Amino acid sequence: MNLFLKTGEPMSQYDCVSSMVQLGDFFYLSGQIGKGSTFHDQCVSACYAVTDVLHQFDLRFDHILKFTVYLVDIELRDEFLEVFSNFVDQPYPALTFVESPHLPDDAMVCIDGCGVNTLRHERSMSDAYCEDCDE
């Protein structure tokens, strides 16, 4: 057992797979599939599923540095990006698209990612900032 490894909730379909793992400041997010009857609905639900997993560690979308997005049809990438753009801000993360025509549970989109938990650095910077220091 790795005592330094933090894990998220198990994936609903697979008891032996974590939704996310973190070792040190680095974390890896398992693929989150879309749900819904339309591609747009699935993109939205997959992005919110990513957000839900990140919240297990009090993390945000901007902590993810690299996404891999699996699409049943690579031609859907622009439609995916229309939705995805509502979840990210500059500086934008890296992203790779992969066409995968056989995603589980009739999903049309699946998103995984890896990133860095910078919360302790953010808190340290916030604690070091002092509005009244010049007085």
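Preceding this paragraph is the structure being described.
No experiment lies behind these values; they were computed from the predicted model shown.

Asks: Looking at this structure, I do not really get the sheet that holds strand β4 (residues 64–71). What am I missing?
Replies: Adjacent strands of a sheet pair through backbone hydrogen bonds, lying either parallel or antiparallel. Across the sheet, six strands lie side by side as β1-β2-β3-β6-β4-β5; this open sheet has mixed pairing. Unpaired on one side and paired on the other, β1 (5–7) and β5 (94–99) mark the two borders of the sheet. Looking at each pair of strands side by side, their axes are set apart by 15° on average, direction ignored. As judged from the seven bridges shared by β4 and strand β6 (residues 109–116), these two strands associate in the antiparallel manner. Directly across from Ile64, in β6, lies its bridge partner Gly115. Of the strands in this sheet, β2 (20–23), β3 (26–33), β4 and β6 are in contact with helix α1 (residues 39–55), which crosses β3 at around 150°. Sitting on the sheet, helix α2 (residues 77–84) touches β4, β5 and β6, and the angle it makes with β5 is about 145°.

Asks: How should the packing of aromatic side chains be read in this particular structure?
Replies: The way to describe two aromatic rings as a pair is by their centre distance and the angle between their planes. Enumeration over the complete set of coordinates arrives at seven aromatic pairs. With centroids separated by 5.3 Å and ring planes inclined at 25°, the aromatic side chains of Phe80 and Phe84 adopt a geometry described as stacked. In this pair, Phe80 and Phe84 both sit in helix α2, four residues apart, roughly one turn of the helix. Since its relative accessible area comes to 5%, Phe84 is described here as buried. Members of the aromatic cluster, each reached through a chain of ring pairs, are Tyr48, Phe61, Phe67, Phe80, Phe84, Phe87 and Phe97.

Asks: Whenever I open this one, α1 confuses me. Can you help?
Replies: Every α-helix winds through 3.6 residues per turn, so residues three or four apart in the chain are directed the same way. Taking 1.5 Å per residue, 17 residues should reach 24 Å; α1 reaches 24 Å between its end C-alpha atoms and fits that length. Those residues of α1 lying buried are Phe39, Gln42, Cys43, Ala46, Cys47, Ala49, Val50, Thr51, Val53 and Leu54. Buried residues along α1 sit in contact with β2, β3, β4, α2 and β6.

Asks: Hey, could you run me through the pairing of β3 in this one?
Replies: Consecutive residues of a regular strand have side chains that alternate between opposite faces of the sheet. Across four bridges, the pairing between β2 and β3 is antiparallel. When the sheet's bridge partners are listed, Leu23 is paired in β3 with Phe26. The loop that links β2 with its antiparallel partner β3 comprises two residues; one of these, Gly24, has a positive phi angle of about 65°. Strand direction decides the pairing type here: β3 and β6, joined by six bridges, are antiparallel. What sits directly across from Ile33, in β6, is Cys110.

Basis of the calculations
Residues numbered from 1 in each chain as written. Predicted model: local features only at pLDDT ≥ 70, side-chain atom pairs only at ≥ 80, totals over all residues. Heavy atoms only, no water. Pairing = 2+ DSSP bridges. Helix = DSSP H or I, 4+ residues; strand = E, 2+ residues; numbered from the N terminus. Axes fitted to C-alpha atoms, helices over the stretch in contact; angles between N-to-C directions. Contact = heavy atoms within 4.5 Å. Phe/Tyr/Trp six-rings, centres within 6.5 Å; stacked < 30°, edge-to-face > 60°. Buried < 20%, exposed > 50% of the residue type's maximum accessible area, 1.4 Å probe, protein only. Expected span 1.5 Å × (residues − 1).

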